[in-house]
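What follows is each chain in one-letter form.
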Amino acid sequence: MTMGNDRVDAVFAALADPTRRRLLGRLSQQQSATATELAAAEPVSRQAIVKHLRSLDEAGLVTPSRSGREVRYALTPEPLEDAVGWMATVGAQWDRRLARLRGRLEAGH
Amino acid sequence: MDPDAVTREVDLPAGPDEVWRSVTESEDLGDWLEADVELDARPGGAGSFRFADGEVRRALVRDVDPGRRLAFTWWPLTGADVGRATTVTITIEPSEAGSRLRLVESPRARTRARATAVA
């Protein structure tokens with residue numbers, strides 16, 4: 001598993017916000033969308049959507065591409081796999097460690 | 001509650017005092033982590049962990065409520081995740097079985113450290 005040090009942090013930070021999670025959900029249903037299109041269905045300003053898209057871009061979860069005067073955003077879900085992989089790896093480590101702790105306490109040490 | 005944290009909860013067949021020793025005494029902690037551990041379990045205390053697989057971690061103790069809660073930020077000095085800090089918070093409370101231990105490892109070390117400082 002390859003994980004950039006700050007990238008997984010950025011992914012988790014990006015996912016912590018409900019608006020950004022909704023944007024990812026919308027982008028998963030279409031090839032790409034502009035900030036204006038995405039803002040149409042959200043109760044916040046286009047400017048706020050642009051800011052959220054920037055966070056998602058920094059986390060590597062969306063990729064902007066310019067076509068003419070507009071910028072279209074497409075979902076790039078690979079960093080999600082890194083983040084999920086981190087949780088699975090760390091969780092499995094603690095499962096093993098906590099099982100050893102329990103065994104040790106059962107043995108009366 | 002972080003949506004992105006690893007959380008585990010276990011019932012342990014020992015009282016909170018004994019469990020507390022298991023998580024704060026270097027030798028006891030090293031036994032179940034399978035690591036050589038040196039931990040100064042006081043706020044601001046340093047920690048060092050050398051795991052069997054060769055991974056080496058340093059730690060900084062964030063928060064201590066004796067017998068109840070230990071929080072530390074740790075980061076690997078080796079391997080693919082070098083420098084990637086996460087915060088581990090262990091809380092212990094009495095339960096029918098003896099103790100209930102709750103462990104949370106959160107990747108948002110800075111956020112968590114700030115939250116702990118405020119709390």
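Asks: Give a detailed account of the environment of arginine 42 of chain B, specifying residues and quantitative values.
Replies: Residue and element names in this part refer to chain B. As for its placement among the helices and strands, arginine 42 is situated in the loop between β2 (35-39) and β3 (46-51). Distance from arginine 42 to valine 64, taken between C-alpha atoms, is 6.2 Å for residues 22 residues apart in sequence. What arginine 42 contacts, discounting residues up to four positions off in sequence, is Val61 and Val64.

Asks: Go over helix α2 (residues 26-33) of chain B with me, naming the residues and quoting the values.
Replies: For α2 of chain B, every residue scored as buried is listed here: Leu29, Trp32 and Leu33 of chain B. An end-on view of α2 of chain B places all buried positions within 100° of arc, on one side of the element. Next to the buried residues of α2 of chain B lie α5 (78-106) of chain A together with α1 (16-24), β2 and β3 of chain B. Looking one or two places after α2 of chain B, you find glutamate 34 of chain B, whose phi comes out positive at around 55°.

Asks: Break down the sheet that holds strand β1 (residues 33-34) of chain A for me, with residues and values.
Replies: All names here are of chain A. What the three strands build is an open sheet, ordered β1-β3-β2; its pairing is antiparallel. Only two strands of the sheet have a single neighbouring strand rather than two, namely β1 and β2 (62-67). Inspection of the sheet shows β1 paired to strand β3 (residues 70-75) by two bridges, in the antiparallel sense. In the strand pairing of β3, threonine 34 is matched with arginine 72. Of the strands in this sheet, β1, β2 and β3 are in contact with helix α2 (residues 18-27), which crosses β3 at around 90°.

Asks: Can you explain the environment of alanine 10 of chain A? Please cite residues and give values.
Replies: All names here are of chain A. Among the secondary structure elements, alanine 10 is positioned in helix α1 (residues 5-15). Alanine 10 sits 73 residues away from alanine 83 along the chain, and the two C-alpha atoms are 9.6 Å apart. Every residue in contact with alanine 10, bar those within four places of it in the chain, is listed here: Glu58 and Ala59.

Asks: Report on unusual backbone geometry, specifying residues and quantitative values.
Replies: Look at glutamate 34 of chain B: it is not a glycine, yet its phi comes out positive at around 55°. In this structure, glutamate 34 of chain B sits in the loop between α2 and β2.

Asks: Explain the interface of chain B and chain A residue by residue, including any values.
Replies: Contact with chain B, which involves 21 residues of that partner, is made by 23 residues of chain A. Counting residues per element, the ones that place at least two in the side of chain B that touches chain A are β1 (6-12), α1, α2 and β7 (99-106) of chain B. At four residues, β1 of chain B tops the list of elements feeding residues into the side of chain B that touches chain A. Classifying every residue of the side of chain B that touches chain A gives eleven nonpolar, two polar and eight charged.

Asks: Which residues make up the packing of α5 of chain A against α2 of chain B, and what are the values?
Replies: Each pair of packed helices can be summarised by the angle the axes make with each other and by the distance between the axes. Running from N to C, α5 of chain A and α2 of chain B point in directions that differ by 120°, and their axes come no closer than 8 Å. By the angle class used here, α5 of chain A and α2 of chain B are oblique. Taken together, the residues of α2 of chain B that come into contact with α5 of chain A (itself represented by Arg97, Arg100, Leu101 and Arg104 of chain A) are Asp31, Trp32 and Leu33 of chain B. Grouping the amino acids of the contact of α5 of chain A with α2 of chain B by side-chain chemistry returns three nonpolar, no polar and four charged.

Thresholds, definitions, all that
- Residues numbered from 1 in each chain as written.
- Chains lettered and ligands numbered in written order.
- Predicted model: local features only at pLDDT ≥ 70, side-chain atom pairs only at ≥ 80, totals over all residues.
- Helix = DSSP H or I, 4+ residues; strand = E, 2+ residues; numbered from the N terminus.
- Contact = placed C-beta atoms within 7 Å.
- Buried ≥ 20, exposed ≤ 12 C-beta atoms within 10 Å, placed from the backbone.
- Arc of directions from axis to C-beta.
- Pairing = 2+ DSSP bridges.
- Axes fitted to C-alpha atoms, helices over the stretch in contact; angles between N-to-C directions.
- Nonpolar A, V, L, I, M, F, W, Y, C, P; charged D, E, K, R; others polar.
- Parallel < 35°, antiparallel > 145°, perpendicular 65-115°, else oblique.

Functional significance is not addressed by these values, which are geometric in nature.
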